[in-house]
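The chain contents come next:
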Amino acid sequence: MRLIALAVAFVLMAGAAGPGHANAKLPAGFYGATSQEPAHAPDFRKMRLAGVQSYRLGIGWQFLQTRRHGGIYWGGLDQDVAAATKSQIELDPYISGAPRWATGCNNDHCAPVRSSLARQSWKHFVGALVNRYGPGGRFWVANPQLPNRPIRHWEIWSEENNPYFFRPKTSPKRYATLLTIASGAIHARDRGATVITGGMLGPAYGPGAITSYHLLRKLYAMPGIKGRFEAVGTHPYAPDMSSLSSQLNRTRRLMNSAGDHHTPIWITEIGWSSLRNSSGLSVGREGQARKLKRAFHIVLRNRARWRVKRLFWYAWRDTPQPGFCGFCPGAGLVTKHLKPKPAYWAYAHFAKG
């Protein structure tokens, strides 16, 4: 009887563990959240309570170096890095955007590759980031009171297949140049760093957009490009789970057909909104939590087959956004005042186990 009772107790404990019971087998930093606007110390403390392990921080070069002959302003970024480090949250930044003095373009989303000035300045900026926040970086030397948690993962751009974010127009060749320069600058300073391609939207939306599969196929056709990145970023936004699975299946098949079987996928954005509007991704507060649960279950069930190494929810916090994104203002796990929504608790159920 005692053995039976112990067996029953074990089964009950295993069942109570929920979806997080396999977390010991997940890669470190697997559960992440991504930014819509800068996060601060209260954000990171709240993230930690939800089990957020990594934070996808946006780094806009155009905000840090506004003049060609001016220095790089590190103050705000230093604060973000310090706050995340104190909360034991890994930073996995994406670098996207360029100052107009470097590109000669009247837009902050122009790729800095069309002139020698743009290319050299981009190389210098990316290298400066690694020199400051990578292993042995100046930030860590200047802040010995902080735990030494250098940044080892760098995502290069975001949604480069979307003409809104990659100006003057989408171009696999120009993105390959951007990626090659950044990868060289990063690996010259940290040979063990992970370079991730910018997270790409699966389908093409709007004039000038190209699918992620078209861009990725063109990239793989370029000699030597496979040595320039260690992971592929994707944004498999979808109205339903069938479309989500289809996008990830297709990405994995394409990577395998290119001989890139072992390179992992990073889902650097996925999400739905708690709003109710015309956007297909706006599903209400309870709907947002339901979609999160279903999507996370699907990713976990197929993680080994798809080789998913990161899963970032978009976004951490609600925030006003320009009109081009109908679902973004309500995409957060928490409100703009950091009040948890049902999706926050659904996320914590997975991340905390």
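Scroll up a little and you will see the structure.
Structure report, in brief. (Residues numbered from 1 in each chain as written. Predicted model: local features only at pLDDT ≥ 70, side-chain atom pairs only at ≥ 80, totals over all residues. Heavy atoms only, no water.)

Considerations on the overall build of the protein
As a reminder of what qualifies: The numbering of helices and of strands both runs from the N terminus, where a helix is a DSSP run of H or I of at least 4 residues and a strand a run of E of at least 2. Only protein chains enter the accessibility calculation, which uses a 1.4 Å probe; a residue whose area is less than 20% of its type maximum is buried, one above 50% is exposed, and one in between is partly exposed. By definition in these notes, contact holds between two residues if any of their heavy atoms fall within 4.5 Å. Surface exposure here means Shrake-Rupley accessible area, sampled with a 1.4 Å probe, where a residue is shielded only by the protein chains that are shown. None of His or the chain ends enter the tally, which takes Lys and Arg as positive and Asp and Glu as negative. Charged side chains are reduced to one point each, which is NZ for Lys, CZ for Arg, CG for Asp and CD for Glu.
In terms of helices and strands, the protein carries 12 helices and 10 strands. By principal-axis analysis of the C-alpha atoms, the protein measures approximately 80 × 50 × 40 Å. Split into buried and exposed, the 353 residues of the protein put 58% on the buried side. A separation threshold of at least 6 residues defines the contact pool for the protein, and within that pool the share at least 24 residues apart is 70%. As presented, the protein carries roughly 15700 Å² of accessible surface, and 55% of it is formed by carbon and sulfur atoms. When the 47 positive and 17 negative side-chain charges of the protein are each reduced to one mean point, those points stand 4 Å apart.

Focus on a positive patch on the surface
The criterion, for reference: Patches were defined on residues exceeding 30% relative accessible area and lacking a salt bridge, with like-charge contacts within 9 Å and nonpolar side-chain contacts (Val, Leu, Ile, Met, Phe, Trp, Tyr) within 5 Å. One speaks of a salt bridge when a side-chain nitrogen belonging to Lys or Arg is within 4 Å of a carboxyl oxygen belonging to Asp or Glu.
Judged by side-chain charge, Arg 217, Arg 250, Arg 253 and Arg 305 come together as a positively charged surface patch. Positionally, Arg 217 belongs in helix H9 (residues 212–220). Judged by relative accessible area, which is 45%, Arg 217 ranks as partly exposed.

So, the pairing of strand E1 (residues 31–34)
Selection criterion: Only when DSSP finds a minimum of two bridges between them are two strands counted as paired. A clockwise course of the path from the first strand over the helix to the second, judged with the strands pointing away from the viewer, identifies a crossover as right-handed.
Along E1, one buried face is formed by Tyr 31 and Ala 33 and the opposite face, lined by Gly 32 and Thr 34, is buried too. Of the pairings in the sheet, the one linking E1 to strand E10 (residues 308–314) comprises 4 bridges and is parallel in character. Bridged to Thr 34 within E10 is Tyr 314. Bridge analysis of E1 against strand E2 (residues 54–56) gives 3 bridges, and the strand direction is parallel. Along E2, the bridge assignment pairs Ala 33 with Tyr 55. Between E1 and its parallel partner E2, the chain crosses via helix H2 (residues 41–50), and the hand of that crossover is right-handed.

Things to note about the state of the cysteines
Put plainly, a disulfide is one covalent bond tying together the sulfur atoms of two cysteines. Basically, it comes down to this: Disulfide assignment relies on a single distance test, namely cysteine sulfur atoms paired within 2.5 Å.
If you walk through the whole model with that rule in mind, you get 2 disulfides. The connectivity of the disulfide bonds within the protein can be written as 1-2, 3-4, using the sequence rank of each bonded cysteine.

Brief notes about the packing of helix H4 (residues 75–86) against helix H6 (residues 116–133)
Our working definition: Between the N-to-C directions of two axes lies an angle of 0 to 180 degrees, each axis being a line fitted to C-alpha atoms and, for a helix, fitted only over the stretch in contact. Angular relationships are summarised with four words: roughly parallel below 35 degrees, roughly antiparallel beyond 145, roughly perpendicular across 65 to 115, and oblique for the angles in between. Take the far helix as your reference; a near helix turned counterclockwise from it by less than a right angle gives a left-handed crossing, and one turned clockwise gives a right-handed crossing. Nonpolar residues are Ala, Val, Leu, Ile, Met, Phe, Trp, Tyr, Cys and Pro. Charged residues are Asp, Glu, Lys and Arg, and all others, Gly as well, are polar.
Interhelical geometry of H4 versus H6 gives an angle of 45° and a closest axis separation of 12 Å. Classified by the interaxial angle, the pair formed by H4 and H6 is oblique. For the crossing formed where H4 meets H6, the hand is right-handed. Residues Leu 77, Asp 78 and Val 81 of H4 form the contact with H6, whose own contacting residues are Leu 129, Arg 132 and Tyr 133. Within the contact of H4 with H6, the residues separate by chemical class into 4 nonpolar, no polar and 2 charged.

Digging into the pattern of salt bridges
Per the counting criterion, the structure on display carries 10 salt bridges. For Glu 37, the salt bridge identified is with Arg 317, shortest N-O distance 2.7 Å. Of this pair, Glu 37 sits in the loop between E1 and H2 while Arg 317 sits in the loop between E10 and helix H12 (342–351), and the two are 280 residues apart along the sequence. Overall, the relative accessible area of 34% leaves Glu 37 in the partly exposed class. Here Arg 56 makes a salt bridge to Glu 269, at a shortest N to O gap of 2.9 Å. In this pair, Arg 56 sits in strand E2 while Glu 269 sits in strand E9 (residues 265–270), placing the two residues 213 residues apart along the sequence. You'll find Arg 56 and Glu 269 in the same group, each marked buried. One salt-bridge network, held together by shared partners, links Glu 37, Asp 43 and Arg 317.

Remarks on the side chain of Ser 35
Rule in force here: The term polar contact refers here to a pair of N or O atoms within 3.5 Å; inside protein, the definition further demands a hydrogen-donor-capable atom paired with an acceptor-capable atom, and it admits residues adjacent in sequence only when both atoms are side-chain atoms.
One can find Ser 35 in the loop between E1 and H2. Reaching out from Ser 35, the side chain makes a polar contact with the backbone nitrogen of Gly 58 at a distance of 3.3 Å.

Let's talk about the packing of aromatic side chains
Short version of the rule: Two rings from Phe, Tyr or Trp (for Trp, the six-membered ring) form a pair when their centres sit within 6.5 Å of each other. Planes less than 30 degrees apart are called stacked, planes more than 60 degrees apart edge-to-face, and all others tilted. Only Lys NZ and Arg CZ are tested; either one counts as a charge over a ring when it is within 6 Å of the ring centre and within 35 degrees of the ring normal.
Here the structure, examined in full by the defined rule, presents 25 aromatic pairs. Considering the side-chain rings of Phe 139 and Trp 140, the 4.9 Å spacing of their centres and the 85° angle between planes classify their relative orientation as edge-to-face. Taking the relative accessible area as the measure of exposure, Phe 139 reaches 2% and is therefore buried. Taking 6.4 Å as the distance between ring centres and 90° as the angle between the ring planes, the aromatic pair formed by Tyr 237 and Tyr 314 counts as edge-to-face. Taken together, the positions of Tyr 237 in the loop between strand E8 (232–235) and helix H10 (241–257) and Tyr 314 in strand E10 put the pair 77 residues apart, joining distant regions of the chain. By relative accessible area, Tyr 237 is classed as buried at 8%. Relative accessible area serves as the criterion here: at 9%, Tyr 314 is assigned to the buried category. Each residue in the set Phe 30, Tyr 31, Trp 272, Phe 296, Trp 313, Tyr 347 and Phe 350 is aromatic and connected to the rest through ring pairs, giving one cluster. Here Arg 56 stacks its cationic end above the ring of Tyr 94, 4.0 Å away from the centre of that ring.

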